[in-house]
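Below, each chain spelled out in residue letters.
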Amino acid sequence: MKITQLTSGVVLTAALVAIGASVAGAQETLRSLAEERGRYIGAILNSQWFGGGLPGQYEQIHKSEFNVVVAENEMKFDATEPSQNNFNFNNGDKMVNYAKQNGMRARGHALAWHSQVPGWVNNIRGKDQLLAVLKNHIEKTVGHFKGKIDEWDVVNEAVNDDANHGWRSFGSVWFQNIGAEFLDSAFVWAHKADPDAELCYNDYAIEQGIGPGSKAGFVLDQVKRWVANGIPITCVGSQTHVEDVTTAKEFIGAPDSLRHFAKELAKLGIKLNITELDVGFKSGINVSKEDLARQGQVYRQFMDVFLEEPNMGVYLIWGVSDKWSWL
Ligand code: 9MR
């Protein structure tokens, strides 16, 4: 399979291509299989691509296998507004042009996030001041890409990792200065700047289920509140980073939990996206054939949920190849 020629190492995408192997034909790609079903399958454009640092084969594979795209780092706050009110959309423009030329859906990642925030933001104090900074950032960024970005991660990773989940109150310049109001406001501003864009809340560990004290349960409660209050949210993103597939605890039951979560969101008229899927191994271990089969199975199980639940939007993996993966 040509995709495995990209690196001599293990290729994440190979596991996904195997999903379609039983019906493999000469021109069949993940993209063609998705399009036959009216679905979106994607991968990030890895950061190295933006500087032109990847072989031509990378782009060739990316555009033949995928029909939805997101930038790994290039549309985050520190990249788009490196100093106050000075915006740099060069890389974002490069991505949306690539999406347009290749008939792809484009995701924007991410507007309000506690991480990858430039130093100048962290130096600002005061609720009104920070609200104004966030409002300006969202208006200018979403406004610039109006009609070109189909779907935004409006708020990313705003929930605590503690056993009793609540909003991330520590380490978030937004929450610490503004309070939970920043979330509702972010959706309202984004919707005003591009009323046609889909707007998501995106987080990790969502696939671990909505049991008592869970992150997904907390997110579900917030989505219910947002919907009841007319906050313009249309989707939730489950990042779905399974960092070590050999650690059973992390993923056993996760596809079923995600399916359950999708059904709960469907009752609210909200979509569920798999936005950053990767299924990895602890670094340094010798990966056996059995490990790879297990990895493929996990990709497959999430794919089944994606194909079978009618309110699933995109299935997006966080890297085309292990060679350029944050893991
Ligand atoms: O893949 C991204 C990596 O290159 C960056 O160093 C890192 C910095 O926070 O962000 C990675 O992407 C993250 C994404 O934006 C949000 N969810 C978790 C992803 C993996 O860490």
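In short, a report on the structure. Because the structure is a prediction, the values reported are computed rather than measured.

The subject of this paragraph is unusual backbone geometry. The peptide bond linking His109 to Ala110 adopts the cis configuration, its omega dihedral lying at 5°. Mapped onto the elements, Ala110 comes out in strand 3 (residues 105-113). Phi at Asn85 is positive, roughly 60°, even though this residue is not glycine. Structurally, Asn85 is set in the loop between helix 5 (77-80) and helix 6 (90-101).

A full pass over the atoms with the stated rule returns one disulfide. The side chain of Cys200 participates in a disulfide bridge whose partner is Cys235; the two sulfur atoms lie 2.0 Å from each other. Here the disulfide of Cys200 and Cys235 is left-handed, its torsion about the S-S bond being about -90°. One end of the pair, Cys200, is in strand 5 (residues 198-203); the other, Cys235, is in strand 6 (residues 235-238), with 35 residues separating them in the sequence. Given a relative accessible area of 0%, Cys200 falls into the buried group.

Closest axis-to-axis distance for the helix 8 (residues 127-144)/helix 10 (residues 181-193) pair is 9 Å, and the angle between their directions is 30°. Between helix 8 and helix 10, the crossing angle belongs to the class labelled roughly parallel. Crossing of helix 8 over helix 10 shows right-handed handedness. For the pair formed by helix 8 and helix 10, the contact residues are Lys127, Leu131, Leu134, Lys135, Ile138, Glu139, Val142 and Gly143 on the first element and Glu181, Phe182, Ser185, Ala186, Trp189, Ala190 and Ala193 on the second. A breakdown of the residues in the contact of helix 8 with helix 10 according to their chemical character gives nine nonpolar, two polar and four charged.

Another aspect to go through is the pattern of salt bridges. All chains considered together, the criterion is met by 19 salt bridges. Taking the shortest distance from any N to any O, the salt bridge between Lys215 and Asp203 comes out at 3.4 Å. On the criterion of sequence distance, the pair formed by Lys215 in helix 11 (residues 215-228) and Asp203 in strand 5 is long-range, its members being twelve residues apart. With a relative accessible area of 4%, Lys215 lands in the buried category. What makes Asp203 buried here is its relative accessible area of 0%. Here Lys282 and Asp244 are joined by a salt bridge, their closest N and O atoms 4.0 Å apart. Placement of Lys282 in the loop between strand 8 (271-279) and helix 14 (289-308) and of Asp244 in the loop between strand 7 (241-242) and helix 12 (248-251) is noted, with a sequence separation of 38 residues between them.

The next point concerns the pairing of strand 8. Strand 8 sits mainly inside the fold: eight of its nine residues count as buried. In this sheet, strand 8 lies alongside strand 6 in parallel orientation, the contact comprising four bridges. Within the sheet, the bridge partner assigned to Cys235 lies in strand 8 and is Lys271. Across two bridges, strand 7 lies against strand 8 in parallel orientation. Paired with Val242 across the two strands is Val279, which belongs to strand 8. In this sheet, strand 9 (residues 312-317) lies alongside strand 8 in parallel orientation, the contact comprising three bridges. Across the sheet, the residue bridging to Leu272 is Met312, located in strand 9.

Conventions and cut-offs
By convention here, each chain's residues receive numbers from 1 onward along its written sequence. In keeping with the model being predicted, local features are shown solely for residues with a pLDDT of at least 70 and side-chain atom pairs are shown and tallied solely at 80 or more, while totals for entire chains, interfaces and linings include all residues. Think of the side-chain values as coming from all heavy atoms in the structure, minus any hydrogens and water. Helix and strand definitions here come from DSSP, where helices need a minimum of 4 consecutive H or I residues and strands a minimum of 2 consecutive E residues; each element is numbered from the N-terminal end. Cysteine sulfurs are considered disulfide-paired once they come within 2.5 Å of each other. Throughout this description, buried means an accessible area under 20% of the type-specific maximum (1.4 Å probe, protein chains only), exposed means over 50%, and partly exposed covers the range between. Lines are fitted to the C-alpha atoms to define the axes, a helix being fitted only along its stretch in contact, and any angle between axes, read from their N-to-C directions, falls within 0 to 180 degrees. Working rule for angles: under 35 degrees goes down as roughly parallel, over 145 as roughly antiparallel, 65 to 115 as roughly perpendicular, anything else as oblique. Working rule for handedness: look at the near helix, and if it is turned counterclockwise from the far one by less than a right angle, call the crossing left-handed; if clockwise, right-handed. Contacts are assigned to residue pairs with any non-hydrogen atoms lying within 4.5 Å of each other. Note on residue categories: nonpolar means Ala, Val, Leu, Ile, Met, Phe, Trp, Tyr, Cys or Pro, charged means Asp, Glu, Lys or Arg, and polar means any other residue, Gly included. Every case where a carboxyl oxygen of Asp or Glu lies within 4 Å of a side-chain nitrogen of Lys or Arg is listed as a salt bridge. Strand pairing requires that DSSP identify at least two bridges connecting the strands.

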